[in-house]
Amino acid sequence: MYEIVTKETVAPNIIHMKFKAPKIASSAKPGQFVIIRVDEKGERIPMGLAGWDEKEGTVDIVFYVLGTSTAKLSTMCEGDSLANIAGPLGKPSEIENFGRVICACGCFGVGPSLPLVKALKEKGNYVITVVEGRGPDFVFWTDRLGEFSDEVHVVTGCGKTAWANDFIEQELQSGKKINRIFAHGCPFMMKVSSDASRAAGVDTTVSLTPIMVDGTGMCGACRVEVGGETKFACVDGPEFEGHDINWDGLVLRLRQLIPEEDKSFNIWERDNWHKLMDCRHKKSFNPAKRMSVEEIEHTEANCKLAGV
């Protein structure tokens, strides 16, 4: 059993958890992931590693609460244990002294970006980190990223530099030399970040963790077309060159089970809504401050002033 030793809500619907998993912690590398199963009836969900501590024997993940399995996970508290965690899985990130690199991240992608940024800096790179969020409350861990970054930039959907892809495009158009780009986040964020660097021809590495079953390349559920060839994200990835990915095909595969996922979540929520209160009573649930109506209106007003 894998005990939860830390749980914190870092942004609305985004949770950081630390688990006891000594064997995984002893061999994990940047870019790798784990597959988590909450209980005996739970599906297997891939999660990028947001950190690990070999001495403490712990591993970290950051996840977005979206469907049934992540909702189940979000209701677990410190002291509870998961059914199992498999890992570390996937190929580690390619870490070299590239020169000047941009690490773009947003949402749950901030988690796996942290060990990557640290590793790149240790190799002597000049690391420019850009964090995107759809409002100030959705941006987190900039202090942690700043420990290993030469520059940290935050974009929140307003102004000329609205999102991470806008930042990438502007950096490249400014004439600054950028040798490598890494992007971690939702598929759309990684796609547009790859599009932003395509004209300049700068290698852009993205991390894919689509639907997986076994995580060993046997089931084929995580297949994705890369450079005209079929690859398996679990064993060939999770990192690929963003310019070579058939994003349209990937999105279609990710969306094919949405009706079933919605039905599953609605049934689970009806029977388990009370569990959201359990962690509050155990004092291990720390909901992040959500944006008020006034704050949302203020943000929208700023966007209008900026011409967005």
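About the criteria used
Residues numbered from 1 in each chain as written. Predicted model: local features only at pLDDT ≥ 70, side-chain atom pairs only at ≥ 80, totals over all residues. Heavy atoms only, no water. Helix = DSSP H or I, 4+ residues; strand = E, 2+ residues; numbered from the N terminus. Buried < 20%, exposed > 50% of the residue type's maximum accessible area, 1.4 Å probe, protein only. Phe/Tyr/Trp six-rings, centres within 6.5 Å; stacked < 30°, edge-to-face > 60°. UniProt positions renumbered as here; feature names shortened; annotations may be inferred. Contact = heavy atoms within 4.5 Å. Core = buried A, V, L, I, M, F, W, Y, C linked by side-chain atoms within 4.5 Å. Domains from an automatic or database assignment. Polar contact = N/O pair within 3.5 Å; in protein donor to acceptor, adjacent residues only side chain to side chain. Pairing = 2+ DSSP bridges. Axes fitted to C-alpha atoms, helices over the stretch in contact; angles between N-to-C directions. pLDDT = per-residue confidence, 0-100.

A. Geometry of the overall build of the protein. Secondary structure summary: the protein contains ten helices and 15 strands in total. The buried share among the 308 residues of the protein stands at 47%.

B. View of unusual backbone geometry. Of the consecutive residues G87 and P88, the connecting peptide bond is found in the cis state with omega at -5 degrees. In the segment running from G237 into P238, the intervening peptide bond is cis, with an omega of 15 degrees. Tracing the sequence through the fold places P238 in the loop between β14 (229-232) and β15 (239-241). Positive phi, normally seen in glycine, also occurs at C107, with a value near 55 degrees. A positive phi angle is found at W141, which is not glycine, with a value near 60 degrees. Topologically, W141 is positioned in the loop between β9 (126-132) and α4 (142-146).

C. Main features of the packing of aromatic side chains. In the structure shown here, the tally under the stated rule is three aromatic pairs. Geometrically, the ring pair formed by F140 and W141 is edge-to-face, given 5.8 Å between the ring centres and 70 degrees between the ring planes. Judged on exposure class, the residue F140 and its partner W141 are both buried.

D. The arrangement of the UniProt feature "binding site: [2Fe-2S] cluster" (unreviewed entry) in the protein in detail. Taken from the UniProt record, the annotation "binding site: [2Fe-2S] cluster" (unreviewed entry) applies to C219, C222 and C234. A maximum C-alpha distance of 10.2 Å places the annotated residues, which cover 16 residues in sequence, within one compact spot. Along the chain, C219 falls in the loop between β12 (204-207) and β13 (223-226). For C219, the contacting residues outside a window of four places in its chain are V213 and D214. Here C222 is to be found in the loop between β12 and β13. Of the residues examined, C222 reaches a relative accessible area of 2% and is grouped as buried.

E. Main features of the nonpolar core. Grouped together as the largest cluster of nonpolar side chains are 31 residues, with contacts concentrated most on I102, L208 and I245. Sorting elements by how many residues they give to this core places helix α5 (residues 164-173) first, with four residues. Looking at which domains feed residues into this core, each of domain 1 (2-89 + 258-277) and domain 2 (100-254) supplies at least three. Non-local contacts of L208, meaning those with residues more than four positions away in its chain, are made with M190, V224, A233, P238, F240, I245, W247 and L250. Listed in part, the 24 residues of the second largest apolar core include A21, I24, V65 and M76.

F. Structural context of the side chain of T204. Within the secondary structure, T204 is located in strand β12. Classification of T204 by relative accessible area gives buried; the value is 0%. In terms of polar contacts, T204 uses its side chain to reach the backbone carbonyl oxygen of V202, at 3.0 Å.

G. Molecular detail of the sheet that holds β9. If you trace the six strands from one edge of the open sheet to the other, you get β10-β9-β8-β11-β12-β15, paired in mixed fashion. One side of each edge strand has no neighbouring strand; the edge strands of this open sheet are β10 (151-155) and β15. When strand polarity is set aside, the average angle formed by the axes of neighbouring strands in this sheet is 20 degrees. Where strand β8 (residues 100-106) and β9 come together, seven bridges link them in parallel fashion. Counterpart to C103 in the pairing with β9 is T129. Contacts from helix α3 (residues 110-122) reach β8, β9 and β11 (180-184), with the element oriented near 165 degrees to β8.

H. Spatial organisation of the confidence of the model for the protein. Chain-level pLDDT for the protein is 87 on average; 89% of the residues reach the 70-or-more range. Contacts of residues 280-308 to residues separated by more than four positions or lying in other chains number 39 contacts, the stretch itself having pLDDT below 50.

I. Layout of the environment of G228. On the secondary structure map, G228 appears in the loop between β13 and β14. Given a relative accessible area of 57%, G228 falls into the exposed group. Separated by 17 residues in the primary sequence, G228 and I245 have C-alpha atoms spaced 8.2 Å apart.

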